[in-house]
Amino acid sequence: TVYRVTRGGLVMAGKQLVVRGDERAEAEKLLRREFRAAHGLKHENIVKLLGVCVDHKDWVCLLMELVPRGSLRALLTLAPERVTGSESMQLKLAHGIAAGMAYLHRRTPKPMLHHDLKSENVLIGKGDVAKIADFGLATGTGGSTTQTKPQGAGTLAYKAPECFDDAPFTRE
């Protein structure tokens, strides 16, 4: 669940995961992994991560930039004509997504692969700027152009075809 959070005058989004008992250690590990993967990414088309909250007994939370217009999936569901009826909107969103992914793939010394790019993980900011979010499955390539161990996780409908055969894949 994502909430609007205000702390010290800063308005941000809080991605909260409710955890109980044995789930806590794994949830903290996953949230910290996502934070480490995306912390320090600085690009107009990447959601900024601001912190992690793990001090509550029933939940953990990832704090991030508040992106006011929700996800691309929600926009396509609630007002599809805003996208499907406007070639300029389609081009603006496609350009933003491509620019964000190019930034991730060109990072030095360690390029990053997202592994779960889908409409739910593209948020729409002010001025209809596309922002890539959810780096829970992101991995570095260690500077290589080829990833030799495809990730088993991710959304099936959005996986690269070579991942189904456990074949190496590239960031190109």
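Our subject is the structure that appears above.
Numbering of residues starts from 1 in every chain and runs along the sequence as written. With the structure being a predicted model, the display of local features is reserved for residues of pLDDT at least 70 and the display and counting of side-chain atom pairs for 80 or more, all residues being used for whole-chain, interface and lining totals. Only heavy atoms go into the side-chain values, all of them from the structure, while hydrogens and water stay out.

> I'm lost on the pairing of strand β2 (residues 10–18) in this one. Help?
On any regular strand, side chains alternate: one points to one face of the sheet, the next to the other face. Only strands that DSSP links by at least two bridges are regarded as paired with each other. To qualify as a helix, a DSSP run of H or I must reach at least 4 residues; to qualify as a strand, a run of E must reach at least 2; elements of each kind are numbered from the N terminus. Where strand β1 (residues 2–7) meets β2, six bridges bridge the pair, whose relative direction is antiparallel. Following the sheet pairing, V5 is matched in β2 by M12. Between β1 and β2, which follow one another and run antiparallel, lie two residues, and G8 among them has a positive phi close to 60°. For β2 and strand β4 (residues 59–65), the ladder comprises seven bridges, and the chain directions are antiparallel. From the neighbouring strand, G14 faces β4, where its bridge partner is L63.

> Please clarify how the sheet that holds β2 should be interpreted in this entry.
To summarise the sheet geometry, strands pair through backbone hydrogen bonds and adopt either a parallel or an antiparallel arrangement. With antiparallel pairing, four strands are arranged side by side in an open sheet as β1-β2-β4-β3. The open sheet has two free edges, formed respectively by β1 and β3 (49–53), since each of these has just one partner strand. When the angles between neighbouring strand axes are averaged without regard to direction, this sheet yields 30°. On the sheet, helix α1 (residues 23–38) packs against β2, β3 and β4 and is oriented at approximately 15° with respect to β4. To obtain each axis, a line is fitted to C-alpha atoms, and for helices this fit is confined to the stretch in contact; angles are then taken between N-to-C directions over 0 to 180 degrees. Residues are treated as being in contact if the distance between any of their heavy atoms lies within 4.5 Å.

> Can you help me understand the layout of surface pockets in this one?
With a probe scaled to a water molecule rolled over the atoms, the places where space remains empty come into view. The calculated volume of the second largest pocket comes to roughly 260 Å³. In this structure, the second largest pocket is lined by 16 residues; those nearest its centre are V2, K15, M64, L123 and A133. A total of three residues in the lining of the second largest pocket trace back to one element, the largest contributor, which is β1. Residues of the lining of the second largest pocket, tallied by class, amount to eight nonpolar, two polar and six charged. Definitions used for this entry: grid spacing 1 Å over protein atoms alone; cavity, a set of points where a 1.4 Å probe fits but cannot get out; pocket, an open set with protein on both sides within 12 Å along at least 5 of 7 lines; lining residue, one with an atom within 4 Å of a point. Grid points are joined across faces, edges and corners, and a volume is the space filled by probe spheres set on the points. Residues were grouped as follows: Ala, Val, Leu, Ile, Met, Phe, Trp, Tyr, Cys and Pro as nonpolar; Asp, Glu, Lys and Arg as charged; and all remaining residues, including Gly, as polar.

> It is not clear to me how α1 should be interpreted in this structure. Could you clarify?
Each turn of an α-helix holds 3.6 residues, which means side chains three or four residues apart point in the same direction. Helix span is expected to be 1.5 Å times the residue number reduced by one. When the terminal C-alpha atoms of α1 are compared, their 23 Å separation across 16 residues agrees well with the 22 Å that a helix rising 1.5 Å per residue should span. Listing the buried residues of α1 in full gives R24, A27, E28, L31, E34, F35, A37 and A38. Elements in contact with the buried residues of α1: β2, β3, β4 and β5 (112–113). Backbone geometry just downstream of α1 places G40 in the positive-phi region, at approximately 90°. Three exposure classes are used, based on accessible area relative to the maximum for each residue type with a 1.4 Å probe and protein chains only: buried under 20%, partly exposed in between, and exposed over 50%.

> Help me out: how do you make sense of the nonpolar core in this one?
The nonpolar side chains of a soluble globular protein tend to be buried, and buried together. L41, L72, L75, L93, L104 and F135 are the most contacted members of the largest nonpolar core, which has 32 residues in total. At the level of elements, α1, β4, α2 (72–78), α4 (87–106), β6 (122–124) and β7 (130–132) are the ones that each hand at least two residues to this core. We define the nonpolar core as a collection of buried residues of types Ala, Val, Leu, Ile, Met, Phe, Trp, Tyr and Cys that are connected through side-chain atoms lying within 4.5 Å of one another.

> Just to check I follow, could you spell out the environment of F135 for this structure?
Relative to the elements of secondary structure, F135 occurs in the loop between β7 and β8 (139–140). C-alpha separation for the pair F135 and L117, spaced 18 residues apart in sequence, amounts to 9.2 Å. Ignoring any residue separated from it by four or fewer positions in sequence, one finds F135 in contact with R33, E34, A37, A38, L41, I46, L104, M112 and H114.

> Mind showing me how you'd approach the environment of R82 here?
Relative to the elements of secondary structure, R82 occurs in helix α3 (residues 81–84). Given the relative accessible area of 36%, R82 is considered partly exposed. Sequence-distant contacts of R82, defined by excluding residues within four places in its chain, comprise L75, M89 and D128. For the purposes of these results, a polar contact is taken to be a pair of N or O atoms within 3.5 Å, where, inside protein, one atom must be able to donate a hydrogen and its partner to accept one; residues adjacent in sequence count only when each atom of the pair is a side-chain atom. A polar contact of 2.9 Å, which involves the side chain of R82, links it to the side chain of D128.

> Explain the pattern of salt bridges to me, please; I cannot follow it from the model alone.
Side chains bearing opposite charge may pair, as long as their charged atoms lie close to each other. When a carboxyl oxygen of Asp or Glu is within 4 Å of a side-chain nitrogen of Lys or Arg, the pair counts as a salt bridge. Tallying each qualifying case throughout the model produces five salt bridges. The partner of D116 in a salt bridge is K118, and the shortest N-O contact between them spans 3.8 Å. Per residue, the accessibility class of D116 equals that of K118, and both read buried. Through salt bridges with shared partners, one network takes in R69, R82 and D128.

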